[in-house]
2 protein chains.
Amino acid sequence: MIDMKNILENVIIDSWVERFRRSPNQVNQPHESDAELIEMPGDPDRYMAVTIDTVAEEISSGLYRDPYTMGWITVMASLSDLAAVGADPLGLVISVSLESSQDRAFANTIAQGMEGACRTLDVFILGGDTNETSYVSLTSCALGLVMRKNLMMRRGCKPGDAVFVTDGVGLGNAFALVRLGGYPDDYFPEKSYRPIANLAEGRIVREFASCCMDSSDGLLATLDQLMRINQLGFAIDGDWEKILAPKVMEFCQHTHTPPWLMAAGPHGEFKLVFTVPERSVDSFLMHAQSKGFSPIHIGSVQKTPAISLLLTNGKKIDVDVAPLRNLLYDLKGDVQRYLKEFRDIGRKWGLE
Amino acid sequence: MIDMKNILENVIIDSWVERFRRSPNQVNQPHESDAELIEMPGDPDRYMAVTIDTVAEEISSGLYRDPYTMGWITVMASLSDLAAVGADPLGLVISVSLESSQDRAFANTIAQGMEGACRTLDVFILGGDTNETSYVSLTSCALGLVMRKNLMMRRGCKPGDAVFVTDGVGLGNAFALVRLGGYPDDYFPEKSYRPIANLAEGRIVREFASCCMDSSDGLLATLDQLMRINQLGFAIDGDWEKILAPKVMEFCQHTHTPPWLMAAGPHGEFKLVFTVPERSVDSFLMHAQSKGFSPIHIGSVQKTPAISLLLTNGKKIDVDVAPLRNLLYDLKGDVQRYLKEFRDIGRKWGLE
């Protein structure tokens, strides 16, 4: 039994959840889906999906400096949660807390980032709340409807299911490493970090997937969480050329960064990680292709609850992602020590 | 024509709204309702209602010191918006930003305040987001469903309609004055400030009302906003014994505070201010009474777009609430000057 509670983030979430009564109409258990799912009286075919996300630490830590990024990510983060449950958005509400000293241009650029993200996905901001504070904090709450028959949850995969990701990953980690690791900004300009929630892909995936989660915490953390929820493991091709976005591979070669870091780091992006039952893989891929969507097949679900990486040199290693995930909490704020200890773990695994 | 834009808060909201495209499925125009209202495909009878509210300034200013209050108000503020549009809640999602140095007891008490508010109204928290920050900021997003035929908006009253409030007001302002005005805390203990969103009353009111808004910005500001939206005025009984809660009148007598301040101050509570067409008043009151609900009839809608107070001494004065509402923005942070200039305006009106 792989324990959910070995992950500090899960413990923090549970400490909140256990204080609250559970709605008799709520469909998902805690941790079980990217968005909360609730029955609507009189609607036997659909669920309401709702999710809330605050972007604050990424701003105070200096990770995001461009207000356009702040607005963009705020909107995309919550839409990505809707994509991961197979929902179609009804809209968003936002809450914006800004410093009173902040100039008008700063607020305008945040709004442009939010609206840019909305236009990209044909979604609308319905309203919101503004506050004058001594810091910047941006919250987005997205709501949508999902057909019950198309619902995707994090729970549901079976041994033998094929594991896919909607597209090459690693852009979030490459950007974060440039920002916090002392590389020149132009190695990965913030302006080029504009991840797009996979709503369109989610509409295809939801017809086939046995489970789904977005990659907002990075690929390996996503697989680790899916492992704990499903009590099953994943045999993943440790073929970074296939798994990482081409731009990320270029960055790794250019900076001599070991590519595994781009799959293991905690600053993900909004790809979907999902599983498809073996018998449906062919029809899924045919359907995806007909829509111009080329998901990446990265491995399969295995009975053993472990993340097994099949490296291109033929070696197979089981990696314990928990220490990586918890490191964020253990070393809060100390970025240099974080980067060092993170790589030490990978060396122990035999990845460097 | 009374301009919406004479109120700085409306200008700030508009500066955000104008940056965003409007959803073709959104029912309400900006300022027109307490919650955002959106059509749901395939549901011709209902709208989805959604609202978001952040409690941050009330914490940083020292107005709320008890974490139970912080949690309670966060939940009640968004549920009150649902009550004001006539919606039945589906649930809430919350986002909690806390200082990492904050002890566990502090977070627990916030959670207890949230859960206490939810239990009081038989509503459930569905999920949320947590963040470690250098400040405390609490956001709640409530969603609900409203029957189209029962929808209440801020727009819709007609001259001659009767004006009601669900119950005596002023508790929020009494509490704020004790807190910020230098009175001993036990004149209005924070533990006794537990306003309850009027969801039950809203279910009755929605069958009769021509417009509705909650009193979260104080009674006079609410009437002023309704005046601007409807381009109509209100003749209000300036009979503070009738309008203010008994506890508030006691506080005023005890501290020699002029009662008008309790209706005029900006820290309201979650009563509903609403209008009922003259022909429906009797059946409304009969129905309300049968449910044990005794709304207070405080005046009527008039053609002249002004707030006219009919004082108990027989005088009728028209009050311009705009300077009071804008004072918050003009004198941000300077509480003593705010209190002084606020009272000066009332003196000019002839209320002191």
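Residues numbered from 1 in each chain as written. Chains lettered and ligands numbered in written order. Predicted model: local features only at pLDDT ≥ 70, side-chain atom pairs only at ≥ 80, totals over all residues. Heavy atoms only, no water.

1. Structural notes on the pattern of salt bridges
Stated precisely, the cut-off is as follows: Each salt bridge in this description consists of a side-chain nitrogen of Lys or Arg and a carboxyl oxygen of Asp or Glu lying within 4 Å of one another. Each helix is a run of H or I in the DSSP string that is no shorter than four residues. Each strand is a run of E no shorter than two, and both are numbered from the N terminus. Relative accessibility decides the category of a residue: with a 1.4 Å probe and only protein chains considered, values under 20% of the type maximum give buried, values over 50% give exposed, and everything between is partly exposed.
Applying the stated criterion across every chain, the model contains 46 salt bridges over all chains. In this structure, A:R21 engages B:D122 in a salt bridge whose closest nitrogen and oxygen atoms are separated by 4.0 Å. Of this pair, A:R21 sits in the loop between α1 (8–17) and β1 (36–40) while B:D122 sits in the loop between α4 (104–120) and β4 (125–133), which puts the two residues in different chains. Taking the relative accessible area as the measure of exposure, A:R21 reaches 26% and is therefore partly exposed. Overall, B:D122 belongs to the exposed group, its relative accessible area being 54%. Of the charged contacts, one joins B:D14 and B:K5 as a salt bridge, the two residues approaching to 3.1 Å between their closest N and O atoms. The class of B:D14 is buried, set by a relative accessible area of 12%. Classification of B:K5 as partly exposed rests on a relative accessible area of 42%.

2. A closer look at the relation of the copies chain A and chain B
Using the following cut-off: To line up the copies, we fit them by least squares on C-alpha atoms, keeping just the residues with pLDDT of at least 70 in both. Two residues form a contact once any of their heavy atoms are found within 4.5 Å.
Taken as rigid bodies, chain A and chain B are interconverted by a rotation of 180° and an axial shift of 0.0 Å, the fit giving an RMSD of 0.0 Å. Expressed as an axis order, the relation between the two copies is that of a two-fold axis. For chain A, the residue whose C-alpha comes nearest the rotation axis is A:C141, separated from it by 3.5 Å. Here 100% of the interface residues in chain A have copies in chain B that are interface residues too; the copies meet face to matching face.

3. So, the interface of chain A and chain B
Test applied: Defined in terms of a 1.4 Å probe, buried area is the accessible area two parts forfeit on being brought together, summed over both. Under the grouping applied here, Gly and all other residues not named as nonpolar or charged are polar, the nonpolar ones being Ala, Val, Leu, Ile, Met, Phe, Trp, Tyr, Cys and Pro and the charged ones Asp, Glu, Lys and Arg.
Contacts between chain A and chain B engage 63 residues on the former and 63 residues on the latter. For the pairing of chain A and chain B, the buried interface totals around 5,300 Å² over both sides, and the portion due to carbon and sulfur atoms is 63%. Interface area lost by chain A to chain B is led by A:W16, A:R19 and A:R21, which between them contribute 15%. For A:E115, the salt bridge is made with B:R21, and the minimal N-O distance between the two is 3.4 Å. Going through the elements one at a time, α1, β1, β2 (43–55), β3 (88–99), α4 (104–121), β4 (125–133) and β5 (137–147) of chain A are the ones with two or more residues in the side of chain A that touches chain B. The residue makeup of the side of chain A that touches chain B, split by class, is 30 nonpolar, 16 polar and 17 charged.

4. What about helix α11 (residues 281–290) of chain A?
Residue and element names in this part refer to chain A. Stated formally: The arc refers to the directions leading from the helix axis to the C-beta atoms.
Taken together, the buried positions of α11 are V281, F284 and A288. One face of α11 carries all of its buried residues, which in axial projection span an arc of 65°. Exposed side chains of α11 directed beyond 90 degrees from the buried face belong to D282, M286, Q289 and S290. In this structure, the buried side of α11 is in contact with β6 (162–165), α6 (199–205) and β9 (272–276). Looking one or two places after α11, you find G292, whose phi comes out positive at around 75°.

5. Some details on the sheet that holds strand β11 (residues 307–311) of chain A
Residue and element names in this part refer to chain A. Rules: Here, a strand pair is defined by DSSP locating no fewer than two bridges between the strands. Lines fitted to the C-alpha atoms define the axes, with helices restricted to the stretch that makes contact. Angles between their N-to-C directions range from 0 to 180 degrees.
Here seven strands make up an open sheet; going across it, the order is β7-β9-β6-β10-β8-β11-β12 and the pairing mixed. Looking at strand neighbours, the two that pair on one side only are β7 (211–214) and β12 (316–319), the edges of this open sheet. In this sheet, adjacent strand axes meet at a mean angle of 25° when their direction is disregarded. As paired elements, β6 and strand β10 (residues 296–302) share four bridges and run antiparallel to each other. Residue pairing for β10: A162 is matched across the bridge by S300. Seen against the sheet, α11 touches β6 and β9 and runs at an angle of roughly 20° to β6.

6. Thoughts on the pairing of β4(B)
Residues and elements named next belong to chain B. Quick reminder of the rule: Looking down the strands as they point away from the viewer, one classifies a crossover as right-handed if the path from the first strand across the helix to the second runs clockwise.
When strand β3 (residues 88–99) meets β4, the two strands line up parallel, connected through eight bridges. Considered in β4, the bridge of L92 is made with I125. In the classification by handedness, the crossover that spans β3, the intervening α4 and the parallel β4 is right-handed.

7. Observations concerning the environment of B:F274
Residue and element names in this part refer to chain B. For F274, the position within the fold is in strand β9 (residues 272–276). C-alpha of F274 to C-alpha of M152: the two residues are 122 residues apart in sequence and 9.2 Å apart in space. Contact partners of F274, with chain neighbours within four places excluded, come to A162, V163, F164, V165, T166, V205, A209, C211, C212, F284 and P295.

8. Structural notes on the sheet that holds β5(A)
Residue and element names in this part refer to chain A. Strand order in the open sheet made by the five strands is β1-β2-β5-β3-β4, with mixed pairing throughout. The sheet terminates laterally at β1 and β4, the two strands that pair on one side only. Within this sheet the neighbouring strands show an average axis-to-axis angle of 20°, counted without direction. Two strands pair when backbone bridges link them, and β3 and β5 are joined in this way by nine bridges, in the antiparallel orientation. Bridge pairing in β5 places S97 opposite S137. Sheet strands touched by helix α3 (residues 67–85): β1, β2, β3 and β5. Its angle to β5, the strand with the most contacts, is close to 25°.

9. Let's talk about α4(A)
All names here are of chain A. The following threshold applies: A helix is expected to span 1.5 Å for every residue after the first.
Taking 1.5 Å per residue as the helical rise, α4 with its 18 residues ought to reach 26 Å, and the 26 Å between its terminal C-alpha atoms agrees with that figure. Those residues of α4 that sit buried are F106, A107, N108, I110, A111, G113, M114, E115, G116, A117, C118 and L121. At the C-terminal side of α4, D122 shows a positive phi close to 55°.

10. Section: the side chain of B:S210
Residues and elements named next belong to chain B. Put simply, the rule reads: Polar contacts, as counted here, are pairs of nitrogen or oxygen atoms within 3.5 Å of one another; within protein the pair requires one atom able to donate a hydrogen and one able to accept it, and residues that are adjacent in sequence qualify only if both atoms are side-chain atoms.
Residue position: S210 is located in the loop between α6 (199–205) and β7 (211–214). Of note is the side chain of S210, whose polar atom sits 2.7 Å from the side chain of D161. Among the polar contacts listed, one links the side chain of S210 to the side chain of T275, at a separation of 2.6 Å.

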